[in-house]
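Residue-level structure breakdown
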Amino acid sequence: MPQRRRDDDTAVAAEYAFFLAETRGLRFALDYLDNCHIPRDILLRAFDQPERRRRNERRAFPRND
């Protein structure tokens, strides 16, 4: 299985780029990733497949365990 994030710095930069894309726009976030020398596909995959990103979000209604 290919590793998505190379290291902790890349993970933090990718999360910040995702935040920038939601608040300031996708173009701004892609420019940020270019400046950090991180591949753009990390962010583009998250936008192309939002259901995978939502997999780890909290449930709307908690389970009754």
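Residues numbered from 1 in each chain as written. Predicted model: local features only at pLDDT ≥ 70, side-chain atom pairs only at ≥ 80, totals over all residues. Heavy atoms only, no water.

1. Comments concerning the pattern of salt bridges
Formally: We count a salt bridge whenever a side-chain nitrogen from Lys or Arg sits within 4 Å of a carboxyl oxygen from Asp or Glu. Under the DSSP-based scheme used, a helix requires at least four consecutive residues in state H or I and a strand at least two consecutive residues in state E, with every element numbered from the N terminus. Three labels apply to residues, based on accessible area from a 1.4 Å probe with only protein chains included: buried if under 20% of the type maximum, exposed if over 50%, partly exposed otherwise in between.
Scanning the model with the defined rule gives three salt bridges in all. Between arginine 45 and aspartate 41 there is a salt bridge, with its nearest N and O atoms 3.8 Å apart. Highlighted residues: arginine 45 and aspartate 41, both in helix H3 (residues 41-48), separated by four residues, approximately one helical turn. Under the relative-accessibility criterion, arginine 45 is labelled partly exposed at 35%.

2. Let's talk about helix H2 (residues 26-35)
For clarity, the threshold we go by: By arc we mean the arc of the directions from the helix axis to the C-beta atoms, nothing more. By definition, residues are in contact when any of their heavy atoms lie within 4.5 Å.
Within the sequence span of H2, burial applies to Ala29, Leu30 and Leu33. The arc that holds every buried residue of H2, seen down its axis, measures 100°, which confines them to one face. Within H2, the exposed residues directed more than 90 degrees away from the buried face are Arg27 and Asn35. Each element contacted by the buried residues of H2 is listed here: helix H1 (8-23) and H3. A positive backbone phi angle near 60° is found at histidine 37, which sits one or two residues after H2.

3. Some remarks on H1
An α-helical turn contains 3.6 residues, so any two residues separated by three or four positions project in the same direction. Going by this rule: Given a helix with a known number of residues, its expected span is that number minus one, times 1.5 Å.
Its 16 residues place the ends of H1 23 Å apart at the C-alpha level, agreeing with the 22 Å of an ideal helix rising 1.5 Å per residue. Buried residues of H1: Thr10, Ala11, Ala13, Ala14, Ala17, Phe18, Leu20 and Ala21, and no others. One or two positions beyond H1, positive phi appears at glycine 25, with a value near 120°.

4. Quick word on the nonpolar core
Under the convention used in this document: Side-chain atoms within 4.5 Å are what join buried Ala, Val, Leu, Ile, Met, Phe, Trp, Tyr and Cys residues into a set we call a nonpolar core.
Judged by nonpolar contacts, the single largest core of 13 residues is most densely connected at Ala29, Leu33, Ile38 and Leu43. Elements with a minimum of two residues in this core: H1, H2 and H3. Of the residues forming this core, the biggest block, six residues, is contributed by H1. Residues in contact with leucine 43, not counting those within four places in the same chain, are Ala17, Phe18, Ala21, Leu26, Ala29, Leu30 and Leu33.

5. Let's talk about the packing of aromatic side chains
The criterion, for reference: Centres within 6.5 Å are what make two rings of Phe, Tyr or Trp a pair, Trp counting through its six-membered ring; a difference in plane orientation under 30 degrees is then read as stacked, over 60 as edge-to-face, and the rest as tilted.
Scanning all chains against the criterion turns up two aromatic pairs. Between tyrosine 16 and tyrosine 32 the ring centres are 5.2 Å apart and the planes differ by 75°, which places this aromatic pair in the edge-to-face class. With tyrosine 16 in helix H1 and tyrosine 32 in helix H2, this pair connects stretches of sequence that are 16 residues apart. On the basis of relative accessible area, tyrosine 16 is assigned to the partly exposed category, the value being 40%.

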